[in-house]
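Residue-level listing of the chains:
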Amino acid sequence: MGEAGGHHSNPLMIQSKTLAPSTGAPALDFGSAWDYAAAPERVQVKIAARYGHFIGGKFVPPAEGKHFPTVNPATEETLSEIALGSAADVDRAVAAAKAALPRWSRLPARERAKYMFRIARRIQERARELAVLETRDGGKPIKESRDIDIPEAAQHFFYHAGWADKLQYAFPGRNARPVGVCGQIIPWNFPLLMAAWKLAPALACGNTAVLKPAETTPLTALRLAEILAEIDLPPGVVNIVTGAGETGAALVAHPGVRKIAFTGSTEVGKKIAASIAGSGKRVTLELGGKSPNIIFEDASLDQAIEGIIQGIYYNQGHVCCAGSRLFVQESVLDEVLVKLDIRLRSLRVGDPLDKNTDVGAINSADQLQKIRRYLDVGRAEGADLHESNGSPLPERGYWCRPCYFTGVQPAHTIARDEIFGPVLAVMSFRTPEEAITRANNTPYGLAAGVWTDKGSKIFEVAKRLKAGVVWCNTYNQFDPASPFGGFKESGFGREGGLHGLRAYLELS
Amino acid sequence: MRARTVDRIAADARAASFTRRSIKKESKLAGLKLALSMLDLTTLEGKDTPEKLRALCRKAQRPAEDLADLPHCAAVCVYPTFVALAKEELQGSRVKVASVATAFPSGQSPLAVRLAETRAAADAGADEIDMVIQRGAFLAGDYETVADEIEAVKANCGSARLKVILETGELETYDLVRRASDLAIEAGADFIKTSTGKVAPAATMGVTLVMLEAVRDHFLATGRKVGVKPAGGIRTAKQALHYLVMVKETLGDAWLTPDLFRFGASALANDLVMQLRKELTGRYAASYDVTES
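For clarity, every value in this text was computed on a predicted model and none was experimentally measured.

Things to note about the sheet that holds strand β14 (residues 384–387) of chain A
Residues and elements named next belong to chain A. An order of β14-β15-β16-β13-β12-β17-β18 is seen for the seven strands of this open sheet, with the pairing classed as mixed. The sheet is open, and its two borders are formed by β14 and β18 (469–472), each paired with just one other strand. Across the sheet, the mean angle separating the axes of adjacent strands is 20° when strand polarity is ignored. One ladder, built from five bridges, connects strand β13 (residues 325–329) with strand β16 (residues 423–429); its direction is parallel. In the strand pairing of β16, Q329 is matched with F429.

Digging into the interface of chain B and chain A
Note: interface size is frequently given as the accessible area lost on complex formation between the parts. Listed per partner, the contact involves 50 residues of chain B and 53 residues of chain A. Where chain B abuts chain A, roughly 4500 Å² becomes buried across the two surfaces, and 54% of that area is made up of carbon and sulfur atoms. Across the chain B-chain A interface, the total number found is eight salt bridges. Salt-bridge contacts for R178 of chain B lead to D302 of chain A; the nearest nitrogen and oxygen are separated by 3.9 Å. The interface formed by chain B and chain A holds 19 residue pairs in polar contact (both at pLDDT 80 or more) in total. If you list the elements that add at least two residues to the side of chain B that touches chain A, you get α1 (8–18), α2 (25–37), α7 (143–155), α9 (174–186), α10 (205–222) and α11 (237–251) of chain B.

Quick word on unusual backbone geometry
Across residues other than glycine, the phi torsion is negative in most instances, and most of the peptide bonds are trans. The linkage connecting F104 of chain B with the following residue, P105 of chain B, adopts the cis geometry, with an omega of 0°. As for its position among the elements, P105 of chain B is in the loop between β3 (96–100) and α5 (111–123). In this structure, the amide linkage connecting A200 of chain B to the following residue, P201 of chain B, adopts the cis form with an omega of -5°. Non-glycine residue N315 of chain A carries a positive phi angle of around 55°. Structurally, N315 of chain A can be placed in the loop between α10 (301–313) and β13. Accessibility expressed as a relative area gives 2% for N315 of chain A, which makes it buried. Positive phi, close to 45°, is recorded for K488 of chain A, a residue that is not glycine. If you trace the backbone, K488 of chain A turns up in the loop between β18 and β19 (491–492). Looking at K488 of chain A, the relative accessible area reads 41%, which means it is partly exposed.

Overview of the packing of aromatic side chains
What the rule picks out here adds up to 19 aromatic pairs over all chains. Ring centres of W104 of chain A and Y115 of chain A lie 5.7 Å apart, and the angle between their planes is 55°; on these two criteria the pair is classed as tilted. Of this pair, W104 of chain A sits in helix α1 (residues 87–106) while Y115 of chain A sits in helix α2 (residues 109–125), placing them eleven residues apart in sequence. Accessibility expressed as a relative area gives 2% for W104 of chain A, which makes it buried. Taking the relative accessible area as the measure of exposure, Y115 of chain A reaches 14% and is therefore buried. Aromatic pair F219 of chain B and W255 of chain B: ring centres 5.4 Å apart, planes at 85°, arrangement edge-to-face. Remark: W255 of chain B occurs in the loop between α11 and β8 (263–265) and F219 of chain B occurs in helix α10; sequence separation between them is 36 residues. You'll find F219 of chain B and W255 of chain B in the same group, each marked buried.

Considerations on the sheet that holds strand β1 (residues 50–51) of chain A
Residue and element names in this part refer to chain A. Pairing is mixed in the open sheet, where three strands are placed in the order β1-β5-β4. Across the chains shown, the open sheet's two edge strands, defined by having one partner strand only, are β1 and β4 (67–71). Where β1 lies against strand β5 (residues 78–83), two bridges are found, and the strand directions are parallel. The residue of β5 that forms the bridge with Y51 is I82.

Regarding the pairing of strand β5 (residues 161–165) of chain B
Residues and elements named next belong to chain B. Counting buried residues in β5 gives four out of five residues, a clear majority hidden from the surface. Judged from the five bridges that link them, strand β4 (residues 128–132) and β5 form a sheet pairing that is parallel. Following the sheet pairing, M131 is matched in β5 by V164. Across three bridges, β5 lies against strand β6 (residues 191–193) in parallel orientation. Of the residues in β6, the one forming a bridge with I165 is K193.

Remarks on the domain arrangement of chain A
Residues and elements named next belong to chain A. The domain architecture assigned to chain A consists of domain 1 (50–287 + 487–507) and domain 2 (289–472). The distance between the C-alpha centroids of domain 1 and domain 2 comes to 30 Å. At the junction of the two partners, domain 1 supplies 30 residues and domain 2 supplies 34 residues. Summing the contributions of domain 1 and of domain 2, the shared interface buries around 2700 Å²; its carbon and sulfur component is 54%. The largest contributions to the domain 1 side of the interface with domain 2 come from W188, F487 and K488, which together make up 20% of the buried area. In this assembly, domain 1 and domain 2 are joined by two salt bridges. Across the pair E76 and R396 runs a salt bridge, and its minimum N-O distance is 3.7 Å. Put simply, domain 1 and domain 2 have 18 residue pairs in polar contact (both at pLDDT 80 or more) between them.

Overview of the nonpolar core
Membership of the largest hydrophobic core comes to 111 residues, with the highest contact counts inside it found for V76, I150 and F263 of chain B. Ignoring anything within four residues of it in the chain, the contact list for V76 of chain B reads L41, L56, C57, A60, A86, L90, V95, K96, V97 and A98 of chain B. In this structure, M194, W197, A204 and L340 of chain A belong to the second largest nonpolar core, which totals 89 residues.

Describing the pattern of salt bridges
Inspection of the entire model under this criterion finds 60 salt bridges over all chains. For the salt bridge of E433 of chain A with R464 of chain A, the shortest nitrogen-to-oxygen distance reads 2.7 Å. With E433 of chain A in helix α14 (residues 432–440) and R464 of chain A in the loop between α15 (455–462) and β18, this residue pair connects regions lying 31 residues apart in the sequence. Judged by its relative accessible area of 43%, E433 of chain A is partly exposed. With a shortest N-O distance of 2.7 Å, E128 of chain B and R262 of chain B are connected by a salt bridge.

Definitions and cut-offs
Residues numbered from 1 in each chain as written. Chains lettered and ligands numbered in written order. Predicted model: local features only at pLDDT ≥ 70, side-chain atom pairs only at ≥ 80, totals over all residues. Heavy atoms only, no water. Pairing = 2+ DSSP bridges. Helix = DSSP H or I, 4+ residues; strand = E, 2+ residues; numbered from the N terminus. Axes fitted to C-alpha atoms, helices over the stretch in contact; angles between N-to-C directions. Contact = heavy atoms within 4.5 Å. Buried area = accessible area lost by both parts, 1.4 Å probe. Salt bridge = Lys/Arg side-chain N within 4 Å of Asp/Glu carboxyl O. Polar contact = N/O pair within 3.5 Å; in protein donor to acceptor, adjacent residues only side chain to side chain. Buried < 20%, exposed > 50% of the residue type's maximum accessible area, 1.4 Å probe, protein only. Phe/Tyr/Trp six-rings, centres within 6.5 Å; stacked < 30°, edge-to-face > 60°. Domains from an automatic or database assignment. Core = buried A, V, L, I, M, F, W, Y, C linked by side-chain atoms within 4.5 Å.

As C-alpha cells, then:
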C-alpha cells in the first residue's frame, strides 16, 4: 500500500519494537472499575446416586457389582457412582449390539435417518440440562458447553442423518455395507461431542455400537442413553459401558467387535494398534498433538492474539489439536508478547457454571498433577513461566492459571510433549522456511495454524505443513462436514464429512 | 514497517464474543449509569428549533426528573448555529456542548469554509468539535491531505477538544477503518468517532473494536490516551452494555469514563432511563413514561 510521506511522522507505519515490554512503558489497568456480578447458571439437573450400564435398551447393574465415583472437578464433590465395566459387561453389550445388527442394518436407510433426526432434536430440546451436566462433570465453562459442545453434538446427528440414505452417492459405483459391531472409546475433554462424533457416522452407515465413555466424564453419555430410550431407538443399537482403561481393553479385545474407533492419548493408541494386529479389526485412532500455531509478521496481529488464546486456552487446553507450540516471527515477537499479556489479564478463570467464566477447572486431579509436573520441568530446563495473575482461584477444585513459557528451546520437554493443559510454549523464527521446518519437527501431526494477511503465503505454508488440519487466520473451527484426523503419531483415519463415513463401511 | 491490517472475520467474531457476557444485578445498574454518563445526546436535523434544543438540554442535565441519583449526560451534540443557545441552557451544569462542524455530514466544502465554521463553533463556546474527514480524499489515497486538514481543524479549535468522524460506513473495509484511525490519532484527534449518523451502516461493534485497538496501540507506543465514540445505531441499553464490556476488556479501567468513551445517540437515552427505572424501582416503565426527543 502507498505510504504517506511528507512532514507527518508517518501515521500509517508501525514499529513493533515500540511496544517492547519495559519498565515505565504505558500499561493498561484491568482492575475492577466496573466488574461483572456473579452470573451462575441456575438450572438444576437431576443426577442419580448410581448408574448402571446401558445395554439392550435398558440400564443394567454391572455384573461384578463394582462402581466408581465421578467427581465435579470444580468442587471435588462426588456427583454419582458409576458402574465399573468388566469383561462380562462388555460381552453382554457386544452380544446386544450383535443381536440388534441384522434388523438395524436392513432397516430402510431413511428410517435410520428418522431415528437420528429424533436424537438430534432431543439433544437440542434438552440442551441446557446437558450443558450443565457436562460442565459439572468435566469442569469446562458453561459458555463452551452451552455454545459449542451441545449444539455441535446435535449437529453431528443432523448431518449424519442426512447421509444415511445417500451412501450410494457418497461412494458412486460401489456397494456400501455396514462393518458390523463398532467398539468406540472416547476421551474426557469433549464427552458428549465425542460420543456424537463416534455414534452418528456408525449409526448412519447401519452399524451398531458399544461406546465406552471416559472414566472421569460419563454423565452426559448416560444422559444420551436416556435420550436414545426416549426416542425408541431399537434396543441394542447403541450400548454404553462405563469404566476405566481395563473396560476399554476388554472392548478392544472382544472378538465380536469388527471396528475400533479410539480418541485419546498416543500411548494408549499404540497399545490398541498393537493388540489388534492380525485380528482383522478395522481401527481409526485420533490421538495426541503438539500443534504449531505460526504468526507471521504480516498477520493481523490483534486477531492473531485471539487465535493464540482460542488455540491454547480453549477448554483449559484439554484439546488434542490445541495450538500448544507458538511460533512468532522475530520482528513482531515483542509486540505479540505484550498483547498476549494484556489479553491474558481479561481471561476470567473460575467457577465453570458462571456464564462469564472463560477458563474453567482442570478435568481431574491426575491431569492437574501432570500439568504441574510439566510446569516444573519447563522451569527446571530453563524456560521462563508467565502466568495470568487474575482474581484468586477457588479454594477447592483443580485449577491451573492460563500461562505461557518464553525462552523455550526446541529440545525442551515442554516444546515436545503434549501437556494437555493451558500451557503454551512460545518460540520465534526468522523466515518462513524455518517456521515450516520447526513446525514439522514433531512426532505429531494433528493440526496447525497459519496467520498472515498474504494469501499466497497461506497456500505456500499450509501445503507444506504435515498436519491433518491447517487453520488459516483462525483456529479450532469444526464442522460435521469437515474431516478431522492426524498424521504420524497423531493417528490415522478421518472423522467427519464424507471421509469419516469410509471407516464405517465395507465398500465392494 | 507496514500498515496495520485487520482480519474482518476474526474481528467480528471477537466483537460478538463481548455480547455473550452476562451483566446482571449491581454490575447492570452500574453499567447503565456509566452508559448514561457517556451519552452525547444528539440532535442534528434541519428541522431543529430552539424549543427542541431546550428540551434536549434539560434532558441531558436530568435524564429523568423523578430519579434523583442518575448521572447527567456527557454532552449535547448540535449544529454550530445552536451552540450559543445550548451553552446558555447548560450554564451551571457540567454537561458539555459538542458541535459538529466542517460541513457536516459530507465535508464537501472548501477548507477555508470548514475552518471558519470550526472557529465559529469554538468561539460560540463549544467545548468539543466533531469534524468529518474528507472521505473522497482518503479513499483516493491522499492521506497527506486528510492529515493536513485534521491538523488545520485542530488548530482552529481553540481550547475545544477535537473528535474526528471517520464515517466508517463509507470506508467499508476494516483495513481502511484502521488506517483512518491511525491517521486521525497521529494528526492530533482527541477522540475518534465512527459515524455521522447520516450514513448506514453507522456504528457497529466490529468497527468500534478496530478503533479501540488503534487507540490501544497508540497508547502502548506513546502513553497518550485517545477517546472513542461510536455514534448512530446504538438504540438499546443492552447494546450499550455490550460496548462497555468491549471497552473494559480491550482498553481496561482507564477508558471507562466519559472523558475517553462516548455514545453518540438520542433514542438510547430513553432505553437507558427505562432500564434504570426498572433496576431502581423494580417496575417497568411504558414508552410514554419517558420524554420523546
